[in-house]
Each structure stands twice: as C-alpha cells, then as structure tokens.
Amino acid sequence: MNLLIMGPAGSGKGTFSERIIEHYAIKHISTGDMLREHVKSQTELGKLAAGYMNAGKLVPSDVVNQMVEYTLAQDDCKAGWLLDGYPRTLEQANALEQITERIGRPIDAVIVLEVGLETLQDRITTRRVCPQCGAIYNIKSHPSKVPGICDQCGHELIQRKDDTLEELEVRMTEYHQNTEPVIEFYETKGLVHRIDGDRDRETIFGDIQEILDRIG
Ligand code: AMP
C-alpha cells in the first residue's frame, strides 16, 4: 500500500503516521524528519536546508525530489510506503507522478487531516519532540512519563525551532498557497480521504483504519 498523508503543521501527520506504519508494516518517509537529520549531521544538504527550515519556508523542490526518489528506490520501500510532508507543491506532485511511474508503484490513497486554526496553534506550542528517536509528545494531551524525557529512548525532549506562533503563520500561508492545490490535484484523481482531525486520537485512527482496510 502506497500512501500520502497531508495536513497543516500540527494536524497530527507525524502521530498518525507512526500508527499507520506500525499497523500496516509500511515504510514511513517524512521529508521533514529526513531534512532535520541532514541539518543535525551538517551535510551539504543540511547546511542548505537549515535557513529555509528555521524560517518555516520550503526547501527548494529539486533537492527534496531527489531525496524522495532515492529513498523510494530502496529495498525497504518494496512493501509499501507512507509519504509524510511530501509533496507540498504542485511541482513536487508532478515530480512524484514521474517517480511513481518510473518505479511502477502508484499512490493508493491520500489521507488529509483537517484541523481548525485554534487547535493547531494550541498543539504547535505544546508539542515536544525527541531529537534522538523522533517520538512526538504534547505536554497537555500526551505528556512523557517523566517530564522533558523521552519514554522510548531516555533522551531530553525539545521544542522544534519552527514550533512557534510566528512560524506557524508562515507555514499556514505556505500550506494555503502551495499545498492546498496539491490536495485538489489528488481530488481530481479520486484519491483523497478527508478526516476530521479535531477529535480524539482513537476515533481518528479508527476512521483511517476503516479507509485503509477498504483499500488494502
Ligand atoms: P515538517 O516536519 O513536515 O513540518 O517539515 C519541516 C520543514 O522542513 C518545513 O517547514 C520545510 O522547511 C521543510 N520541508 C519538509 N518537507 C518539505 C517538502 N516536501 N518541500 C520543501 N520543504 C520541506
């Protein structure tokens, strides 16, 4: 099963991606996580991406497209994949069309998480992440057992640099301008499944499961 998960910053893409890949045993490909890894390891790509990322802006598409194409061609993607945070622009969506054609693996479904602005603002400012293993917490709704420490690997939790109200505004503008047209693009192909992401986690995941079980 080859899937896309889309939604604005704070809509729950990371959280539900974790659940989906575990349940359906497919590979999680988060372009945001991959880029953060590059920044952490200070690769050439990381040095280029850091400025864009800290400002909440999109990293140039050609580098992101290449990164995705390389990843999808690896053996661990053969059983299926879930792309999270990509494509974010029509240019990237067209590149992905060509990539999926080349590798002979079409997209089966696009999950779109819809969440109101107030909820996003609340979630973004209370989100904490583990820089070591990528686990995601929320100090209000999903705290770690020991405050500030990751349950899974014991590393200290951090607040992402772009998880501020100012950066959220920039990211929302990016989303409306660039990513909503991508959703329309997949809508015309009949692939989009919109989910109300403003409910409790179990109800949301139940809906996602129902859709994916029908497809898979
Ligand atoms: P995310 O973790 O998906 O919110 O991504 C964090 C940041 O990484 C974004 O604000 C962008 O700067 C960059 N990024 C992630 N995915 C992409 C993409 N598909 N195209 C361009 N930039 C991206």
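Use the structure listed above.
Computed from a prediction, not measured in an experiment: that's the story for all the values here.

On to the overall build of the chain. Secondary structure summary: the chain contains eight helices and seven strands in total. Taking 17 Å as the expected radius of gyration for a compact globule of 216 residues, we find that the chain reaches 17 Å, a close match to that expectation. Taking the principal axes of the C-alpha coordinates as reference, the chain spans close to 45 × 40 × 35 Å. Burial analysis of the chain (216 residues in total) assigns 45% to the buried set. Counting contacts in the chain only where the partners sit at least 6 residues apart, residues at least 24 apart contribute 69% of the total. When the accessible surface of the chain is summed, it comes to about 11000 Å², and 49% of that surface belongs to carbon and sulfur atoms.

What follows covers the nonpolar core. Residues Leu96, Val110 and Tyr186 are the most contacted members of the largest nonpolar core, which totals 31 residues. Looking at this core, the elements that each hand over two or more residues are strand S1 (2–6), helix H2 (31–40), helix H3 (44–54), helix H4 (61–72), strand S3 (81–84), helix H5 (90–103), strand S4 (109–114) and helix H7 (165–187). With residues near it in sequence (within four places) discarded, Val110 still touches Leu4, Met6, Tyr186, Leu191, Val192 and His193.

Secondary-structure assignment places Ser11 in the loop between S1 and helix H1 (13–24). What makes Ser11 buried here is its relative accessible area of 1%. At 2.7 Å, the side chain of Ser11 forms a polar contact with the backbone oxygen of Pro8. Ser11 has contacts with Leu113, Val115, Leu120 and Arg123, leaving out every residue within four places of it along the chain.

Right, let's get into the environment of Leu4. Position of Leu4 relative to the elements: it lies in strand S1. The buried category is assigned to Leu4, whose relative accessible area is 0%. Sequence separation between Leu4 and Ile158 is 154 residues, and the spatial gap between their C-alpha atoms is 27 Å. When near neighbours in sequence (up to four residues on either side) are disregarded, Leu4 contacts Trp81, Leu82, Leu83, Tyr86, Pro87, Leu96, Ile107, Ala109, Val110, Ile111 and Tyr186.

The rules behind each value
- Residues numbered from 1 in each chain as written.
- Predicted model: local features only at pLDDT ≥ 70, side-chain atom pairs only at ≥ 80, totals over all residues.
- Heavy atoms only, no water.
- Helix = DSSP H or I, 4+ residues; strand = E, 2+ residues; numbered from the N terminus.
- Rg over C-alpha atoms; globule rule 2.2 N^0.38 Å.
- Buried < 20%, exposed > 50% of the residue type's maximum accessible area, 1.4 Å probe, protein only.
- Contact = heavy atoms within 4.5 Å.
- Areas by Shrake-Rupley, 256 points an atom, 1.4 Å probe, with all protein chains shown as cover.
- Core = buried A, V, L, I, M, F, W, Y, C linked by side-chain atoms within 4.5 Å.
- Polar contact = N/O pair within 3.5 Å; in protein donor to acceptor, adjacent residues only side chain to side chain.

Scope: geometric values only; no functional claims are made or implied.
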